[in-house]
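# A closer look at the structure
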Amino acid sequence: DKHRVNTIHASPAIKKASAITAASHHKKGVAVTPVLVASSTQKNHSHGPSRSKKEPRKQIAGQSRYWTTEEHKLFLEALKIYGHKDLRAISNFVGTRNMTQVRTHTQKYFMKLMREAKRRQESEGQDA
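Structure report, in brief. Since the structure is predicted, the reported quantities are computational estimates derived from the model, not experimental observations.

How each quantity is defined
- Residues numbered from 1 in each chain as written.
- Predicted model: local features only at pLDDT ≥ 70, side-chain atom pairs only at ≥ 80, totals over all residues.
- Heavy atoms only, no water.
- Core = buried A, V, L, I, M, F, W, Y, C linked by side-chain atoms within 4.5 Å.
- Buried < 20%, exposed > 50% of the residue type's maximum accessible area, 1.4 Å probe, protein only.
- Contact = heavy atoms within 4.5 Å.
- Helix = DSSP H or I, 4+ residues; strand = E, 2+ residues; numbered from the N terminus.
- Expected span 1.5 Å × (residues − 1).
- Arc of directions from axis to C-beta.
- Polar contact = N/O pair within 3.5 Å; in protein donor to acceptor, adjacent residues only side chain to side chain.
- Phe/Tyr/Trp six-rings, centres within 6.5 Å; stacked < 30°, edge-to-face > 60°.

On to the nonpolar core, then. Residues W67, F75, A78, L79, L87, I90, V94 and V102 constitute the largest nonpolar core, which totals eight residues. When near neighbours in sequence (up to four residues on either side) are disregarded, A78 contacts G83, I90 and F93.

A rise of 1.5 Å per residue sets the reference length of helix α2 (residues 69–82), with its 14 residues, at 20 Å; its end C-alpha atoms lie 20 Å apart and thus fit the reference within 8%. For α2, the set of buried residues is E71, F75, A78 and L79. Down the axis of α2, the sector holding all buried residues measures 105°, keeping them to one side. Opposite the buried face of α2, by more than 90 degrees, sit the exposed residues T69, K73 and K80. The inward-facing, buried residues of α2 abut α3 (87–94) and α4 (99–127). Once α2 ends, the next one or two residues include G83, with phi positive near 85°.

Before going further, it helps to spend a moment on the environment of R97. Mapped onto the fold, R97 is located in the loop between α3 and α4. A C-alpha to C-alpha distance of 9.0 Å links R97 and W67, two positions 30 residues apart in sequence. Not counting chain neighbours up to four residues away, the residues in contact with R97 comprise Q63, S64, R65, Y66, W67, E71, S91 and V102. One polar contact links the side chain of R97 to the main-chain carbonyl oxygen of S64, over a distance of 2.9 Å. At 3.0 Å, the side chain of R97 and the side chain of E71 are in polar contact.

Considering all chains together, one arrives at four aromatic pairs under this definition. Look at W67 and F75: their rings are 5.8 Å apart centre to centre, the planes differ by 70°, and that puts the pair in the edge-to-face class. Note on F75 and Y109: the rings are 5.7 Å apart at their centroids and 85° apart in plane angle, and the pair reads as edge-to-face. One end of the pair, F75, is in helix α2; the other, Y109, is in helix α4, with 34 residues separating them in the sequence. Ring pairs connect the aromatic residues W67, F75, Y109 and F110, which therefore count as one cluster.

Written out as structure tokens, the structure reads:
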């Protein structure tokens, strides 16, 4: 059978690519029938629960919300080696934390450093 059905999502880039594919198949003697389906970006009109709602992430067994002293020491060592931007390398170096956890720990760490520097500066100003 020379008929083939292509499923096309309703985005202009995909429609254009499909048209090019259909034209090339037509030259080869294969009929292509495009079929449009609802794109994932279109609104869900069903009355059931939406799939876009995220379930809360479950904590990995044995992993604390708080960073241990050992994890923090490894974090500081990795900061010196890789800098504050290479989250993946820091995460791999620490070994027990993912990139998101490293990012938030880095943010909190630098905020703490800024807060301490500000307090030091304010206390030095009062001593004079």
